[in-house]
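One-letter residues, chain by chain:
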Amino acid sequence: METAICIIAGLMIIGAVFAIHAKDLLSAVIACGIVGYGLVICFLLLKAPDLAIVQIVVETITLIIMVAVVLDSSREEHFAKPDRKGYMSMGVALVMTAVLLYFYVLAIGMLDPIGSGSLRMAGHYINGAVELTGSVNLVTGVVFDFRGYDTLGEATVLVTAVLGVITILRLKGRN
Amino acid sequence: MKGMTVIVKKTTQLIAGLVFLYGIYVTIHGHLTPGGGFAGGVIIAGSFILLILAFGSDFLRLTKEEAGSTLYENLAILVVVFLAISGLLTTGRIFFLNWIPKGTPGEIVSAGMLPLYNIFVGIEVASSILTIFLALVIFKEELAE
């Protein structure tokens, strides 16, 4: 299973790199779709059907909206040669990558092995969720009962995002 | 936005209702099977988006505004907040308390408040996604007129 996930992750990286360098914006959008649908297969292989359902539906809707937007506006992307400022930004990005990688390796070395102590909470959730919440689907039990605040926050974020979209996209004023 | 050909329209007529029903199924079985309010809501929004893409924006009389979907979105999130506050009014005095009797696990009417949260979050997500799509379609046409 790990080799399959590695192959799919490699394909996702190739798709993401192609999406950055594509001349045509429509093919860039479709290459973004490779990343999303690859993630769906990864979730299915890791036995997370809830996440896979949400991911496949959201990916499809987002792809439709982005294709509609690209077809409405221009399909060409203009490339420019980087000037002095651009080279400086690239240098800063490379330095930051190296620093973050160093601290990442440091942090990974200090962590406990997976499942030894960091997942204490998960045991309580897995063993007691059906009695405490009455929900057979563990994910819903966690999302709406144990972690209700998180879900309320997510829903509020969505409402706020829609308000922002309406405010920004309204081109003609209300009479 | 203009409609598409006859083949697409006919296929959409056959499929859109099934997609809508499947979204409702995923939403109200959220505490039994994989899925839930978020996934079901996006599927319901997908059925409307399918209709709008196939038949054009004249079909659903989308000449006015997205006012209806914004109304449902805000009302649904308000109901979710009120359901969460209702836990404060019972003896437990806990925000997000699951105070309705749980019932037998595995039946469709069980798990107390969780199906209610699922349904209203589903309505909220469906109308949010639909509002974003309508905003992209309608505001451009408003400008063209």
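This is a predicted model, so every value here is computed, not measured.

A. Quick peek at the domain arrangement of chain A. Per the domain assignment, the segments of chain A are domain 1 (2-120) and domain 2 (121-175). Relative to domain 2 of chain A, the C-alpha centre of domain 1 of chain A lies at a distance of 24 Å.

B. The arrangement of the packing of helix H5 (residues 120-133) of chain A against helix H6 (residues 138-146) of chain A in detail. Residues and elements named next belong to chain A. Running from amino to carboxyl end, H5 crosses H6 at an angle of 70°, the nearest separation of the two axes being 10 Å. Viewed along their axes, H5 and H6 adopt a mutual orientation that is roughly perpendicular. Where H5 approaches H6, its residues Tyr125, Ile126, Ala129 and Thr133 are matched on the opposing element by Leu138, Gly141, Val142, Asp145 and Phe146. Taken together, the residues of the contact of H5 with H6 break down into six nonpolar, two polar and one charged.

C. Representation of the packing of helix H1 (residues 6-28) of chain B against helix H2 (residues 37-55) of chain B. All names here are of chain B. Between H1 and H2, the shortest axis-to-axis distance is 8 Å and the interhelical angle comes to 165°. Taken together, H1 and H2 sit at an angle that is classed as roughly antiparallel. For the pair H1 and H2, the sense of crossing is left-handed. In contact with Val8, Lys9, Thr12, Ala16, Val19, Phe20, Tyr22, Gly23, Ile24, Val26 and Thr27 of H1, H2 contributes Gly37, Ala39, Gly40, Gly41, Ile43, Ile44, Gly46, Ser47, Leu50, Leu51, Ala54 and Phe55. When grouped by side-chain class, the residues that make up the contact of H1 with H2 number 14 nonpolar, eight polar and one charged.

Cut-offs applied
- Residues numbered from 1 in each chain as written.
- Chains lettered and ligands numbered in written order.
- Predicted model: local features only at pLDDT ≥ 70, side-chain atom pairs only at ≥ 80, totals over all residues.
- Domains from an automatic or database assignment.
- Axes fitted to C-alpha atoms, helices over the stretch in contact; angles between N-to-C directions.
- Helix = DSSP H or I, 4+ residues; strand = E, 2+ residues; numbered from the N terminus.
- Parallel < 35°, antiparallel > 145°, perpendicular 65-115°, else oblique.
- Contact = placed C-beta atoms within 7 Å.
- Nonpolar A, V, L, I, M, F, W, Y, C, P; charged D, E, K, R; others polar.
- Left-handed = near helix turned anticlockwise from the far one by under 90°.

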